[in-house]
Amino acid sequence: MVKKKNEKWRMCVDFKDLNKACPKDSFPLPHIDQLIDATAGHELLIFLDAYSGYNQILMEVEDQDKTTFITHQGTYCYKVMPFGLKNVRATYQRLVTKMFKDQLGKTMKVYIDDMLVKSKRKKDHIDHLKEAFNILRQYDTKLNPKKCTFGVTSGKFLGFLAEPGECLLVYLAVSEVAVSAILVRESKGLKLALKYGARRVVLHCDSQLIVNQVTGTFQIKEQRLRKYQTEIHKLLPEFDEC
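Residues numbered from 1 in each chain as written. Predicted model: local features only at pLDDT ≥ 70, side-chain atom pairs only at ≥ 80, totals over all residues. Heavy atoms only, no water.

Engineer: I tried to follow helix α3 (residues 88–99) on my own but got confused; where do I start?
Structural biologist: When the terminal C-alpha atoms of α3 are compared, their 17 Å separation across twelve residues agrees well with the 16 Å that a helix rising 1.5 Å per residue should span. Among all positions in α3, only V88, A90, Y92, Q93, V96 and M99 are buried. (Helix = DSSP H or I, 4+ residues; strand = E, 2+ residues; numbered from the N terminus. Expected span 1.5 Å × (residues − 1). Buried < 20%, exposed > 50% of the residue type's maximum accessible area, 1.4 Å probe, protein only.)

Given below as structure tokens:
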């Protein structure tokens with residue numbers, strides 16, 4: 001038994017020998033970076049999570065005995081698809097791809113049991129949610145309400161922060177011997193760190209000049225970049241350590 005983050009327990013069975021005997025299912029999983037990028041430009045998002053996702057898929061009757069395991073109370077087998085089997089991820093992804101075939105790439109993105117409903121216009125959001133729920137109901141798929149988030153502009157999806165797209169500013173400096181550039185976000189990373197409770201900042205950079213400019217040892221000469229240095233100096237004191 002393995003304790004999960006939510007303090008509940010998950011039973012794990014060693015299917016090592018069974019997995020060796022099974023051919024690999026080559027059904028592809030989506031690229032996570034592409035799923036995150038696809039959230040840009042949408043006003044509202046919904047994050048859905050299937051409840052014990054793999055266990056919602058029934059095993060074929062003739063395959064149930066292959067999952068047999070022994071306990072001190074007796075011998076058991078799974079009637080539903082258990083965690084730990086070789087092809088469970090591919091099997092589940094094939095199912096959700098079939099379920100949401102008309103929504104994928106338009107109003108939804110799905111990675112195994114993690115689902116994202118996205119709307120470019122707020123007024124369309126309820127319709128998109130109804131559409132997703134109707135499909136879930138049709139396939140009798142249960143959700144975990146503790147892991148679902150509705151009607152937000154940003155949130156965590158697959159361990160990454162999904163948020164609306166933003167404009168990036170590019171500043172170029174050209175001389176006779178070199179060309180340098182800096183890409184600047186309007187929504188400051190330090191503000192985001194404070195929002196999520198970060199109390200310590202560590203600077204990593206391949207340029208000691210930039211480190212000295214951030215810490216205030218050196219002053220930035222470029223007038224257009226000074227406002228960013230000023231903003232940084234306002235935020236750094238809010239951290240316990242830098």
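Engineer: Which parts of the structure should I look at to understand the pairing of strand β3 (residues 44–49)?
Structural biologist: Taken residue by residue, a regular strand's side chains alternate between the two faces of the sheet. Of all six residues in β3, six are buried; the element is thus mostly enclosed. Bridge count between β3 and strand β7 (residues 114–119): six bridges; the pairing is antiparallel. In the sheet register, I46 faces β7, and the bridge partner there is V117. Pairing geometry for β3 and strand β8 (residues 149–152), over two bridges, is antiparallel. Its bridge partner lying in β8, F47 is registered against T149. (Pairing = 2+ DSSP bridges.)

Engineer: Got a minute to help me understand the packing of aromatic side chains in this structure?
Structural biologist: Any aromatic ring pair is given by two values, namely how distant the centres are and how the planes are angled relative to each other. On inspection of all chains with the given rule, the structure shows seven aromatic pairs. Aromatic pair F69 and Y76: ring centres 6.1 Å apart, planes at 25 degrees, arrangement stacked. Accessibility expressed as a relative area gives 39% for Y76, which makes it partly exposed. Following the ring pairs from residue to residue traces out a cluster consisting of F15, F69, Y76 and Y78. (Phe/Tyr/Trp six-rings, centres within 6.5 Å; stacked < 30°, edge-to-face > 60°.)

Engineer: How should the sheet that holds β3 be read in this particular structure?
Structural biologist: Whether parallel or antiparallel, the strands of a sheet pair through hydrogen bonds between backbone atoms. Taken together, four strands build an open sheet; the order of strands is β6-β7-β3-β8 and the sheet is antiparallel. Because the sheet does not close on itself, it has two edges, and the strands there are β6 (108–111) and β8. Put simply, the sheet's adjacent strands are angled 10 degrees from each other on average, direction ignored. Sheet strands touched by helix α4 (residues 125–138): β3, β6, β7 and β8. Its angle to β7, the strand with the most contacts, is close to 150 degrees. (Axes fitted to C-alpha atoms, helices over the stretch in contact; angles between N-to-C directions. Contact = heavy atoms within 4.5 Å.)

Engineer: What should I look at first to understand the pattern of salt bridges in this one?
Structural biologist: Once their charged atoms are close, side chains differing in charge can pair, the charge on each being opposite to the other. This structure, assessed with the given rule, holds four salt bridges. Measuring nitrogen to oxygen at the nearest pair gives 2.8 Å for the salt bridge that ties D25 to R94. Of the two residues, D25 sits in the loop between α1 (16–21) and α2 (32–37) while R94 sits in helix α3, which places them 69 residues apart along the sequence. Residue classification places R94 among the partly exposed positions, given a relative accessible area of 36%. The closest approach of N and O atoms between R121 and D124, which form a salt bridge, is 2.8 Å. (Salt bridge = Lys/Arg side-chain N within 4 Å of Asp/Glu carboxyl O.)

Engineer: For this particular structure, what's the right way to read the nonpolar core?
Structural biologist: The tendency in soluble globular proteins is for nonpolar side chains to be buried as a group. If you look at the biggest cluster of nonpolar residues, it comprises 36 residues, and the most contacted ones within it are Y92, F100 and M115. Listed by contribution, the elements that provide at least two residues to this core are α2, β3, α3, β6, β7 and α4. Excluding anything up to four places from it in sequence, Y92 contacts A50, G53, Y54, I57, M81, I112, D113 and T141. (Core = buried A, V, L, I, M, F, W, Y, C linked by side-chain atoms within 4.5 Å.)

Engineer: It is not clear to me how a nonpolar patch on the surface should be interpreted in this structure. Could you clarify?
Structural biologist: Together, M1, W9 and M11 make up an exposed nonpolar region whose accessible area comes to about 370 Å². Tracing the chain through its elements places M1 in the segment before β1 (2–3). (Patch = residues over 30% accessible without salt bridge, like charges linked within 9 Å, V, L, I, M, F, W, Y side chains within 5 Å. Areas by Shrake-Rupley, 256 points an atom, 1.4 Å probe, with all protein chains shown as cover.)

Engineer: Just to check I follow, could you spell out the side chain of N144 for this structure?
Structural biologist: Secondary-structure assignment places N144 in the loop between α4 and β8. Beyond its immediate sequence surroundings of up to four residues, N144 is in contact with D49, A50 and Y51.

Engineer: Would you mind going over a positive patch on the surface with me for this structure?
Structural biologist: Side chains of K5, R10, K147 and K156 sit close together on the surface and give a patch of like positive charge. Following the sequence through the fold, R10 ends up in strand β2 (residues 9–10). Looking at R10, the relative accessible area reads 30%, which means it is partly exposed. (Lys, Arg positive; Asp, Glu negative; His and termini not counted. Charge placed at Lys NZ, Arg CZ, Asp CG, Glu CD.)

None of this, on its own, says anything about what the molecule does.
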